[in-house]
Amino acid sequence: MRKVIGIGETVLDIIFKGDQPLQAVPGGSAFNALISLGRAGVPAMFIGEAGNDRVGQNVKKYLTDNGVDASNVNTFPESKSPISLAFLDEQNNAEYIFYKDHPHDQLDFVYPDIQPDDVVIYGSYFSINPVVRPQVMGFLDYVKQHGAILYYDVNYRASHRNDLMKVTPNILENLEFADFVRGSDEDFSVMYNKSDADSVYRSEISFYTKNFIYTRGAQPVELRAGGGFAKQYPVPPTKPVSTIGAGDNFNAGFVYGLIKYDIRRADIERGLTEAQWDKVISCAQAFSANCCQSLSNSIDVEFGQNLKNNS
(Lines give C-alpha, C1' and ligand atoms only; values in the text may rest on other atoms or scores of the structure.)
Protein backbone atom coordinates (compact mmCIF):
# COMPACT_ATOMS: atom_id res chain seq x y z
CA MET A 1 0.00 0.00 0.00
CA ARG A 2 1.15 3.53 -0.75
CA LYS A 3 2.40 5.55 2.19
CA VAL A 4 2.81 9.20 3.14
CA ILE A 5 5.97 10.71 4.62
CA GLY A 6 5.94 14.14 6.26
CA ILE A 7 9.06 16.11 7.12
CA GLY A 8 8.90 19.16 9.35
CA GLU A 9 9.00 20.77 12.75
CA THR A 10 7.32 19.71 15.96
CA VAL A 11 5.92 22.27 18.37
CA LEU A 12 3.67 22.46 21.40
CA ASP A 13 0.68 24.67 20.53
CA ILE A 14 -0.76 26.43 23.57
CA ILE A 15 -4.16 27.79 22.54
CA PHE A 16 -5.60 30.91 24.16
CA LYS A 17 -9.02 32.53 24.07
CA GLY A 18 -8.65 36.03 25.38
CA ASP A 19 -5.75 35.76 27.82
CA GLN A 20 -6.63 32.32 29.19
CA PRO A 21 -5.12 29.07 27.88
CA LEU A 22 -7.70 26.55 26.64
CA GLN A 23 -5.56 23.61 25.59
CA ALA A 24 -2.03 22.48 24.78
CA VAL A 25 -1.57 20.02 21.91
CA PRO A 26 1.43 18.81 19.88
CA GLY A 27 1.55 20.41 16.46
CA GLY A 28 3.55 21.54 13.46
CA SER A 29 2.46 21.89 9.85
CA ALA A 30 3.40 18.50 8.38
CA PHE A 31 2.93 16.96 11.84
CA ASN A 32 -0.77 17.94 11.98
CA ALA A 33 -1.34 16.52 8.50
CA LEU A 34 0.35 13.22 9.37
CA ILE A 35 -1.71 12.82 12.56
CA SER A 36 -4.87 13.15 10.48
CA LEU A 37 -3.63 10.67 7.88
CA GLY A 38 -2.70 8.23 10.63
CA ARG A 39 -6.19 8.57 12.13
CA ALA A 40 -7.65 7.95 8.66
CA GLY A 41 -5.75 4.66 8.36
CA VAL A 42 -3.13 5.76 5.81
CA PRO A 43 0.37 4.30 6.37
CA ALA A 44 2.30 7.36 7.55
CA MET A 45 5.79 8.29 8.78
CA PHE A 46 6.97 11.58 10.25
CA ILE A 47 10.58 12.83 9.97
CA GLY A 48 11.75 15.59 12.29
CA GLU A 49 13.11 16.36 15.71
CA ALA A 50 11.65 16.68 19.18
CA GLY A 51 12.99 18.36 22.30
CA ASN A 52 14.87 16.40 24.91
CA ASP A 53 12.19 17.11 27.49
CA ARG A 54 8.74 16.08 28.62
CA VAL A 55 7.10 17.82 25.66
CA GLY A 56 9.33 15.94 23.21
CA GLN A 57 8.41 12.62 24.80
CA ASN A 58 4.74 13.55 24.47
CA VAL A 59 5.21 14.46 20.79
CA LYS A 60 6.63 11.03 19.96
CA LYS A 61 3.92 9.23 21.93
CA TYR A 62 1.23 11.29 20.22
CA LEU A 63 2.50 10.21 16.79
CA THR A 64 2.64 6.54 17.77
CA ASP A 65 -0.77 6.62 19.47
CA ASN A 66 -2.25 7.96 16.22
CA GLY A 67 -0.74 5.32 13.97
CA VAL A 68 2.23 7.32 12.66
CA ASP A 69 5.73 5.84 12.48
CA ALA A 70 7.91 8.04 14.73
CA SER A 71 11.17 6.10 14.28
CA ASN A 72 12.74 9.03 12.40
CA VAL A 73 11.93 11.65 15.03
CA ASN A 74 15.28 12.45 16.60
CA THR A 75 16.11 13.97 19.96
CA PHE A 76 19.37 15.78 20.64
CA PRO A 77 20.81 16.12 24.17
CA GLU A 78 20.62 19.92 24.59
CA SER A 79 17.42 20.46 22.60
CA LYS A 80 14.27 22.06 23.99
CA SER A 81 10.83 21.74 22.45
CA PRO A 82 9.58 24.75 20.49
CA ILE A 83 6.47 26.48 21.79
CA SER A 84 3.74 28.29 19.86
CA LEU A 85 1.18 30.55 21.53
CA ALA A 86 -1.98 30.76 19.44
CA PHE A 87 -4.46 33.49 20.38
CA LEU A 88 -7.98 32.96 18.99
CA ASP A 89 -9.94 36.08 17.99
CA GLU A 90 -13.73 36.52 17.90
CA GLN A 91 -13.94 34.44 14.69
CA ASN A 92 -11.61 31.81 16.21
CA ASN A 93 -8.81 32.64 13.77
CA ALA A 94 -5.39 32.45 15.37
CA GLU A 95 -2.61 34.96 15.81
CA TYR A 96 0.70 33.30 16.68
CA ILE A 97 3.78 33.95 18.74
CA PHE A 98 6.57 31.40 18.19
CA TYR A 99 9.37 30.54 20.62
CA LYS A 100 12.05 28.56 18.83
CA ASP A 101 15.82 28.71 18.64
CA HIS A 102 16.29 28.01 14.90
CA PRO A 103 20.13 28.20 14.88
CA HIS A 104 20.17 25.12 17.10
CA ASP A 105 17.99 23.05 14.79
CA GLN A 106 19.47 19.73 13.76
CA LEU A 107 18.29 16.93 11.51
CA ASP A 108 19.73 13.45 11.36
CA PHE A 109 17.75 10.54 9.96
CA VAL A 110 17.97 7.43 7.85
CA TYR A 111 16.22 7.71 4.49
CA PRO A 112 13.09 5.55 4.61
CA ASP A 113 12.09 3.13 1.90
CA ILE A 114 10.44 5.19 -0.85
CA GLN A 115 8.34 3.53 -3.52
CA PRO A 116 6.96 5.11 -6.70
CA ASP A 117 3.70 7.01 -6.03
CA ASP A 118 4.32 7.36 -2.29
CA VAL A 119 3.57 10.94 -1.24
CA VAL A 120 5.88 13.34 0.62
CA ILE A 121 4.53 16.44 2.39
CA TYR A 122 7.01 19.24 3.10
CA GLY A 123 6.89 22.98 3.69
CA SER A 124 6.82 25.87 6.16
CA TYR A 125 10.01 27.54 7.40
CA PHE A 126 11.46 24.17 8.38
CA SER A 127 11.89 23.16 4.74
CA ILE A 128 13.85 26.32 3.86
CA ASN A 129 15.70 26.86 7.15
CA PRO A 130 19.37 27.29 6.13
CA VAL A 131 20.53 25.27 9.16
CA VAL A 132 18.83 22.03 8.04
CA ARG A 133 18.47 22.84 4.34
CA PRO A 134 21.26 20.46 3.18
CA GLN A 135 19.51 17.48 4.80
CA VAL A 136 16.06 18.53 3.54
CA MET A 137 17.38 19.14 0.02
CA GLY A 138 19.11 15.76 -0.05
CA PHE A 139 15.92 14.05 1.07
CA LEU A 140 13.74 15.82 -1.52
CA ASP A 141 16.19 14.87 -4.26
CA TYR A 142 16.17 11.26 -3.03
CA VAL A 143 12.37 10.94 -3.01
CA LYS A 144 12.06 12.59 -6.42
CA GLN A 145 14.53 10.11 -7.88
CA HIS A 146 12.50 7.26 -6.39
CA GLY A 147 9.28 8.37 -8.08
CA ALA A 148 7.41 9.80 -5.08
CA ILE A 149 4.82 12.57 -5.43
CA LEU A 150 5.86 15.81 -3.70
CA TYR A 151 3.32 18.15 -2.08
CA TYR A 152 4.68 21.55 -0.99
CA ASP A 153 2.79 23.70 1.50
CA VAL A 154 4.45 27.13 1.35
CA ASN A 155 3.17 28.22 4.80
CA TYR A 156 5.40 31.32 5.04
CA ARG A 157 4.58 33.28 8.19
CA ALA A 158 4.95 37.01 8.75
CA SER A 159 7.34 36.24 11.63
CA HIS A 160 9.95 35.34 8.96
CA ARG A 161 9.33 38.38 6.74
CA ASN A 162 12.86 39.67 7.35
CA ASP A 163 14.43 36.33 6.35
CA LEU A 164 12.87 36.28 2.89
CA MET A 165 15.88 37.40 0.84
CA LYS A 166 18.09 34.83 2.57
CA VAL A 167 15.77 31.87 1.95
CA THR A 168 14.34 32.75 -1.48
CA PRO A 169 16.71 30.36 -3.33
CA ASN A 170 15.48 27.53 -1.08
CA ILE A 171 11.84 28.42 -1.79
CA LEU A 172 12.50 28.31 -5.53
CA GLU A 173 14.16 24.89 -5.21
CA ASN A 174 11.14 23.64 -3.23
CA LEU A 175 8.82 24.87 -5.97
CA GLU A 176 10.91 23.10 -8.58
CA PHE A 177 10.67 19.77 -6.73
CA ALA A 178 6.90 20.05 -6.19
CA ASP A 179 4.15 18.24 -8.07
CA PHE A 180 1.54 20.24 -6.14
CA VAL A 181 1.93 23.60 -4.42
CA ARG A 182 -0.54 25.00 -1.91
CA GLY A 183 -0.32 28.40 -0.35
CA SER A 184 -2.63 30.85 1.38
CA ASP A 185 -3.36 34.48 0.60
CA GLU A 186 -1.41 35.35 3.77
CA ASP A 187 1.69 33.50 2.54
CA PHE A 188 1.81 35.34 -0.77
CA SER A 189 1.00 38.67 0.78
CA VAL A 190 4.08 38.30 3.00
CA MET A 191 6.33 36.87 0.27
CA TYR A 192 5.32 38.79 -2.85
CA ASN A 193 2.88 41.47 -1.68
CA LYS A 194 0.28 39.88 -3.98
CA SER A 195 -3.24 38.81 -3.17
CA ASP A 196 -4.58 37.57 -6.50
CA ALA A 197 -4.38 33.89 -7.43
CA ASP A 198 -3.78 34.54 -11.13
CA SER A 199 -0.93 36.97 -10.61
CA VAL A 200 0.75 34.70 -8.04
CA TYR A 201 0.40 31.69 -10.35
CA ARG A 202 1.62 33.46 -13.50
CA SER A 203 4.55 35.30 -12.00
CA GLU A 204 5.73 33.07 -9.14
CA ILE A 205 4.53 29.45 -9.55
CA SER A 206 3.74 28.30 -13.09
CA PHE A 207 7.37 28.33 -14.28
CA TYR A 208 8.22 25.71 -11.64
CA THR A 209 5.08 23.60 -11.33
CA LYS A 210 1.68 23.63 -13.02
CA ASN A 211 -0.54 22.48 -10.13
CA PHE A 212 -1.37 25.31 -7.74
CA ILE A 213 -3.97 25.50 -4.96
CA TYR A 214 -4.60 28.93 -3.42
CA THR A 215 -6.60 29.03 -0.19
CA ARG A 216 -8.18 32.10 1.41
CA GLY A 217 -9.77 31.04 4.68
CA ALA A 218 -13.55 31.07 4.28
CA GLN A 219 -13.29 32.43 0.70
CA PRO A 220 -13.40 30.02 -2.28
CA VAL A 221 -10.38 27.84 -3.02
CA GLU A 222 -8.69 28.80 -6.30
CA LEU A 223 -7.19 26.06 -8.47
CA ARG A 224 -4.78 26.64 -11.35
CA ALA A 225 -3.31 23.81 -13.43
CA GLY A 226 -1.70 23.06 -16.78
CA GLY A 227 -3.41 23.81 -20.06
CA GLY A 228 -5.01 26.94 -18.64
CA PHE A 229 -7.35 24.94 -16.39
CA ALA A 230 -8.81 27.05 -13.59
CA LYS A 231 -11.62 26.41 -11.15
CA GLN A 232 -13.04 27.90 -7.98
CA TYR A 233 -14.36 25.78 -5.11
CA PRO A 234 -16.68 27.48 -2.57
CA VAL A 235 -15.89 26.73 1.06
CA PRO A 236 -18.94 25.28 2.84
CA PRO A 237 -20.09 27.65 5.61
CA THR A 238 -19.02 26.54 9.07
CA LYS A 239 -18.71 28.03 12.53
CA PRO A 240 -15.17 27.10 13.56
CA VAL A 241 -14.05 26.31 17.08
CA SER A 242 -10.49 26.99 15.90
CA THR A 243 -8.87 27.51 12.49
CA ILE A 244 -5.49 26.24 13.74
CA GLY A 245 -4.53 23.36 11.48
CA ALA A 246 -7.15 24.18 8.82
CA GLY A 247 -4.53 24.48 6.08
CA ASP A 248 -2.52 21.51 7.35
CA ASN A 249 -5.64 19.36 7.21
CA PHE A 250 -6.53 20.65 3.76
CA ASN A 251 -3.14 19.19 2.80
CA ALA A 252 -3.90 15.92 4.59
CA GLY A 253 -7.27 15.59 2.88
CA PHE A 254 -5.80 16.35 -0.53
CA VAL A 255 -3.14 13.66 -0.09
CA TYR A 256 -5.77 11.26 1.29
CA GLY A 257 -7.73 11.87 -1.92
CA LEU A 258 -4.68 11.10 -4.08
CA ILE A 259 -4.42 7.70 -2.43
CA LYS A 260 -8.16 6.97 -2.10
CA TYR A 261 -8.77 7.66 -5.79
CA ASP A 262 -5.54 5.98 -6.91
CA ILE A 263 -4.07 9.11 -8.51
CA ARG A 264 -0.46 8.38 -9.42
CA ARG A 265 2.51 10.12 -10.98
CA ALA A 266 1.44 9.07 -14.47
CA ASP A 267 -1.93 10.81 -13.92
CA ILE A 268 -0.18 13.97 -12.70
CA GLU A 269 2.13 14.03 -15.71
CA ARG A 270 -0.85 13.67 -18.07
CA GLY A 271 -2.74 16.32 -16.12
CA LEU A 272 -5.54 15.56 -13.68
CA THR A 273 -9.07 15.55 -15.09
CA GLU A 274 -11.65 17.93 -13.67
CA ALA A 275 -13.36 14.95 -12.00
CA GLN A 276 -10.09 13.98 -10.28
CA TRP A 277 -9.52 17.55 -9.09
CA ASP A 278 -13.09 17.69 -7.77
CA LYS A 279 -12.56 14.51 -5.75
CA VAL A 280 -9.26 15.50 -4.11
CA ILE A 281 -10.40 19.05 -3.34
CA SER A 282 -13.59 17.62 -1.80
CA CYS A 283 -11.48 15.42 0.50
CA ALA A 284 -9.26 18.40 1.34
CA GLN A 285 -12.23 20.55 2.31
CA ALA A 286 -13.83 17.76 4.36
CA PHE A 287 -10.64 17.25 6.41
CA SER A 288 -10.20 20.99 6.90
CA ALA A 289 -13.82 21.52 7.98
CA ASN A 290 -13.66 18.67 10.49
CA CYS A 291 -10.41 19.97 11.99
CA CYS A 292 -12.01 23.38 12.58
CA GLN A 293 -14.64 21.82 14.85
CA SER A 294 -12.16 21.13 17.68
CA LEU A 295 -8.94 22.36 19.30
CA SER A 296 -6.96 19.26 18.31
CA ASN A 297 -5.13 20.59 15.16
CA SER A 298 -6.22 17.46 13.24
CA ILE A 299 -9.32 15.52 12.23
CA ASP A 300 -11.06 13.90 15.16
CA VAL A 301 -10.72 10.19 15.88
CA GLU A 302 -14.36 9.45 15.02
CA PHE A 303 -14.06 11.11 11.60
CA GLY A 304 -10.91 9.09 10.91
CA GLN A 305 -12.60 5.86 12.02
CA ASN A 306 -15.51 6.54 9.65
CA LEU A 307 -13.05 6.96 6.79
CA LYS A 308 -11.40 3.65 7.68
CA ASN A 309 -14.76 1.91 7.89
CA ASN A 310 -15.79 3.21 4.47
CA SER A 311 -12.50 2.61 2.66
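Just so it is clear, the model here is predicted, and its values are computed rather than measured.

Caption draft 1: The arrangement of the sheet that holds strand β6 (residues 83–88) in detail. Sheet architecture is open: 4 strands sit in the order β3-β2-β6-β7, paired in mixed fashion. In the strand order of this sheet, the two ends are held by β3 (20–27) and β7 (94–99), each with one partner. Each strand of the sheet is rotated relative to its neighbour by a mean of 20°, with strand direction disregarded. With 6 bridges joining them, β6 and β7 adopt antiparallel strand pairing. Note that in β7 the partner of Leu85 across the bridge is Ile97.

Caption draft 2: Structural view of the side chain of Asp153. Tracing the chain through its elements places Asp153 in strand β9 (residues 149–153). Classification of Asp153 by relative accessible area gives buried; the value is 1%. Here Asn251 takes part through its side chain, which lies 2.9 Å from a polar atom of the side chain of Asp153. In contact with Asp153, not counting residues within four places along its chain, are Ser29, Tyr122, Gly123, Ser124, Arg182, Asp248 and Asn251.

Caption draft 3: Inspection of the pattern of salt bridges at higher detail. Tallying each qualifying case throughout the model produces 19 salt bridges. Across the pair Asp267 and Arg270 runs a salt bridge whose closest N-O atoms are separated by 2.7 Å. Taken together, the residues span about one helical turn, with Asp267 and Arg270 both in helix α8 (residues 265–270) at a distance of 3 residues. Each of the salt bridges in this network shares a partner with another, and the network as a whole consists of Arg2, Asp117, Asp262 and Arg264.

Caption draft 4: Region of the structure containing the nonpolar core. Counting residues in each nonpolar core, the largest one holds 52 residues, and the members touching the most others are Val4, Phe180, Phe254 and Trp277. It is helix α7 (residues 246–260) that contributes the most residues to this core, 7 residues altogether. Apart from the residues lying within four places of it in its own chain, the contact partners of Val4 are Leu34, Leu37, Val42, Pro43, Ala44, Met45, Val119, Ile121, Val255 and Ile259. Listed in part, the 39 residues of the second largest apolar core include Val120, Tyr125, Ala178 and Phe188.

Caption draft 5: Broad picture of the pairing of β3. As judged from the 7 bridges shared by strand β2 (residues 11–17) and β3, these two strands associate in the antiparallel manner. Pairing of Leu12 across the sheet is with Pro26, part of β3.

Caption draft 6: Focus on the environment of Leu37. Topologically, Leu37 is positioned in helix α1 (residues 29–39). Owing to a relative accessible area of 0%, Leu37 belongs among the buried residues under this scheme. Along the sequence, Leu37 and Gly304 sit 267 residues apart, while their C-alpha atoms lie 8.0 Å from each other. Ignoring sequence-local partners within four residues, the contact set of Leu37 consists of Val4, Val42, Ile121, Ala252, Val255 and Tyr256.

Basis of the calculations
- Residues numbered from 1 in each chain as written.
- Predicted model: local features only at pLDDT ≥ 70, side-chain atom pairs only at ≥ 80, totals over all residues.
- Heavy atoms only, no water.
- Pairing = 2+ DSSP bridges.
- Helix = DSSP H or I, 4+ residues; strand = E, 2+ residues; numbered from the N terminus.
- Axes fitted to C-alpha atoms, helices over the stretch in contact; angles between N-to-C directions.
- Buried < 20%, exposed > 50% of the residue type's maximum accessible area, 1.4 Å probe, protein only.
- Polar contact = N/O pair within 3.5 Å; in protein donor to acceptor, adjacent residues only side chain to side chain.
- Contact = heavy atoms within 4.5 Å.
- Salt bridge = Lys/Arg side-chain N within 4 Å of Asp/Glu carboxyl O.
- Core = buried A, V, L, I, M, F, W, Y, C linked by side-chain atoms within 4.5 Å.

Nothing here speaks to function; it is all geometry.
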